[in-house]
Amino acid sequence: MFNIKPEQKRQMLEQVKIFFYEERAEEIGEIAAERFLEFMMEELGPHFYNLGLEDAKNIVEEKITNLDEDILALERPTK
């Protein structure tokens, strides 16, 4: 489902382990970290993905508005 490079996944798993250790004083293993990461990606990932799409949509709409204004500024008066 996700195209995560092995190095990125390794870093993410390390971050999960650090989070559990610092926030909950729990040391978790590789399997638990991987399962937690999978849960986050499957269950919460789509929410963040949709937020990213909404942000992209807003940026494109802003650019189009600016483009419309720029084009209108180039218009020449007619008689």
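Residues numbered from 1 in each chain as written. Predicted model: local features only at pLDDT ≥ 70, side-chain atom pairs only at ≥ 80, totals over all residues. Heavy atoms only, no water.

S.K.: Which parts of the structure should I look at to understand the packing of aromatic side chains?
M.R.: Each aromatic ring pair is summarised here by two numbers: the centre-to-centre distance and the angle between the ring planes. Within the structure shown, the criterion is met by 2 aromatic pairs. Seen in terms of ring centroids, Phe19 and Phe20 are 5.9 Å apart; in terms of plane orientation they differ by 85°. Their pairing is edge-to-face. Of the residues examined, Phe19 reaches a relative accessible area of 41% and is grouped as partly exposed. Here Phe20 falls in the buried class, since its relative accessible area comes to 13%. (Phe/Tyr/Trp six-rings, centres within 6.5 Å; stacked < 30°, edge-to-face > 60°. Buried < 20%, exposed > 50% of the residue type's maximum accessible area, 1.4 Å probe, protein only.)

S.K.: Quick question: what am I supposed to make of the pattern of salt bridges here?
M.R.: Pairing between side chains becomes possible if they bear opposite charge and their charged atoms approach one another. With the rule as written, the count across this model stands at 7 salt bridges. Between Arg35 and Glu38 there is a salt bridge; the shortest N-O distance is 3.8 Å. Taken as a pair, Arg35 and Glu38 lie in helix H2 (residues 30-74) at a separation of 3 residues, close to a single helical turn. Taking relative accessible area as the criterion, Arg35 reaches 47% and is therefore assigned partly exposed. By relative accessible area, Glu38 is classed as partly exposed at 28%. Because the salt bridges share partners, they merge into one network encompassing Glu14, Lys17 and Glu30. (Salt bridge = Lys/Arg side-chain N within 4 Å of Asp/Glu carboxyl O. Helix = DSSP H or I, 4+ residues; strand = E, 2+ residues; numbered from the N terminus.)

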